[in-house]
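Architecture and fold: a report
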Amino acid sequence: MKHRSQNSSQAPEPFADLAQACAARGRIDRLHARGVLLAIGERILAADELGATALVDRLRAIVAARETDWLAAVRDEILMAATEHVRSVDPRFLARPDYDLTYTVDAREALEARLRAAEALSIEVEPALLERLAAADRLLEPLLRSRPPG
């Protein structure tokens, strides 16, 4: 799947938001994880190894004292994004003429960015979840061949 980068000028700076939550002993949630994972994963998918490494190093410094909270937020975010993908490829939906394939493909690309970032951060994703994603991708594949998005 082709990856499209998001316009980062419209979104708040995810690393600054996370740093603020960590410094203030605030609540680190999946939305903090989303922005950071997407930033790292987008660089990985764009083959920007130096950029990804710099972001990983920056992240590690930010969350060093809050690693347990950070890991929980990452797991929540990946679970939510993966669940959305699995549910979105329900065969009952895929057969509909108004099925939004472009949205599904874009969401799957963003999920892939999250997964690549987790891998770069040595955060294990449950094998059962990866199996469900692979099964969902197999359901989606025939539609991608017959009706390319966009």
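Below is a summary of the structure that appears in this document. (Residues numbered from 1 in each chain as written. Predicted model: local features only at pLDDT ≥ 70, side-chain atom pairs only at ≥ 80, totals over all residues. Heavy atoms only, no water.)

**Here we look at the packing of helix H2 (residues 30-45) against helix H6 (residues 101-120)**
- Relative orientation of the contacting elements H2 and H6 amounts to 90 degrees, with a least axis distance of 7 Å. In terms of their interaxial angle, H2 and H6 are classed as roughly perpendicular. The residues of H6 that touch H2, namely those facing Arg34, Leu37, Leu38, Ile40, Gly41, Glu42, Ile44 and Leu45, are Glu109, Ala110, Glu112, Ala113, Arg114, Arg116, Ala117, Ala118 and Ala120.
- Here the contact of H2 with H6 is built from residues that sort into 10 nonpolar, 1 polar and 6 charged. (Axes fitted to C-alpha atoms, helices over the stretch in contact; angles between N-to-C directions. Helix = DSSP H or I, 4+ residues; strand = E, 2+ residues; numbered from the N terminus. Parallel < 35°, antiparallel > 145°, perpendicular 65-115°, else oblique. Contact = heavy atoms within 4.5 Å. Nonpolar A, V, L, I, M, F, W, Y, C, P; charged D, E, K, R; others polar.)

**Some points on helix H4 (residues 67-88)**
- An ideal rise of 1.5 Å per residue puts 32 Å on 22 residues; H4 measures up with 31 Å between its terminal C-alpha atoms.
- Among the residues of H4, Trp70, Leu71, Ala73, Val74, Glu77, Ile78, Ala81, Ala82, His85 and Ser88 are the ones counted as buried. Viewed along the axis of H4, the buried residues span an arc of 160 degrees, placing them on a single side of the element. Seen from the open side of H4, the exposed residues pointing more than 90 degrees away from its buried face are Thr68 and Arg87.
- Among the structural elements, helix H1 (14-23), H2, helix H3 (49-63), helix H5 (91-94), H6 and helix H7 (127-146) are those in contact with the buried residues of H4. (Expected span 1.5 Å × (residues − 1). Buried < 20%, exposed > 50% of the residue type's maximum accessible area, 1.4 Å probe, protein only. Arc of directions from axis to C-beta.)

**Considering H2**
- Taking 1.5 Å per residue as the helical rise, H2 with its 16 residues ought to reach 22 Å, and the 21 Å between its terminal C-alpha atoms agrees with that figure.
- Those residues of H2 that fall on the buried side of the exposure criterion are His32, Ala33, Val36, Leu37, Leu38, Ala39, Ile40, Gly41 and Glu42.
- Looking at the buried positions of H2, the neighbouring elements they touch are H1, H3, H4 and H6.
- N-capping of H2 is provided by Asp29, with a side-chain oxygen placed 2.9 Å from the backbone N of Leu31.
- One or two residues past the end of H2 sits Ala47, with phi positive at roughly 60 degrees. (Polar contact = N/O pair within 3.5 Å; in protein donor to acceptor, adjacent residues only side chain to side chain.)

**Focus on the pattern of salt bridges**
- Under the criterion given, the structure shown has 12 salt bridges.
- For Asp29, the salt bridge is made with Arg27, and the minimal N-O distance between the two is 3.5 Å.
- For Arg27, a relative accessible area of 66% puts it in the exposed group.
- Between Asp90 and Arg92 there is a salt bridge, with the nearest N and O atoms lying 2.6 Å from each other.
- Taken together, the shared-partner salt bridges connect Arg30, Arg34, Glu77 and Arg114 into one network. (Salt bridge = Lys/Arg side-chain N within 4 Å of Asp/Glu carboxyl O.)

**Some remarks on the nonpolar core**
- Membership of the largest hydrophobic core comes to 31 residues, with the highest contact counts inside it found for Phe15, Leu18, Ile40, Leu59, Trp70, Ile78 and Leu121.
- Of all elements in the fold, only H1, H2, H3, H4, H6 and H7 reach the threshold of two or more residues within this core.
- The contact partners of Trp70, leaving out residues within four places of it in the chain, are Leu18, Ile28, His32, Ala33, Val36, Leu59, Val63, Leu121 and Ile123.
- One finds Tyr99, Leu101, Ala136 and Leu144 within the second-largest nonpolar core, a separate group that totals 9 residues. (Core = buried A, V, L, I, M, F, W, Y, C linked by side-chain atoms within 4.5 Å.)

**Some details on the packing of H2 against H4**
- Between H2 and H4, the shortest axis-to-axis distance is 8 Å and the interhelical angle comes to 80 degrees. Classified by the interaxial angle, the pair formed by H2 and H4 is roughly perpendicular. Contacts from Arg30, His32, Ala33, Arg34, Val36 and Leu37 of H2 reach H4 at Trp70, Ala73, Val74, Asp76, Glu77, Ile78 and Met80.
- The residue inventory of the contact of H2 with H4, partitioned by class, reads 8 nonpolar, 1 polar and 4 charged.

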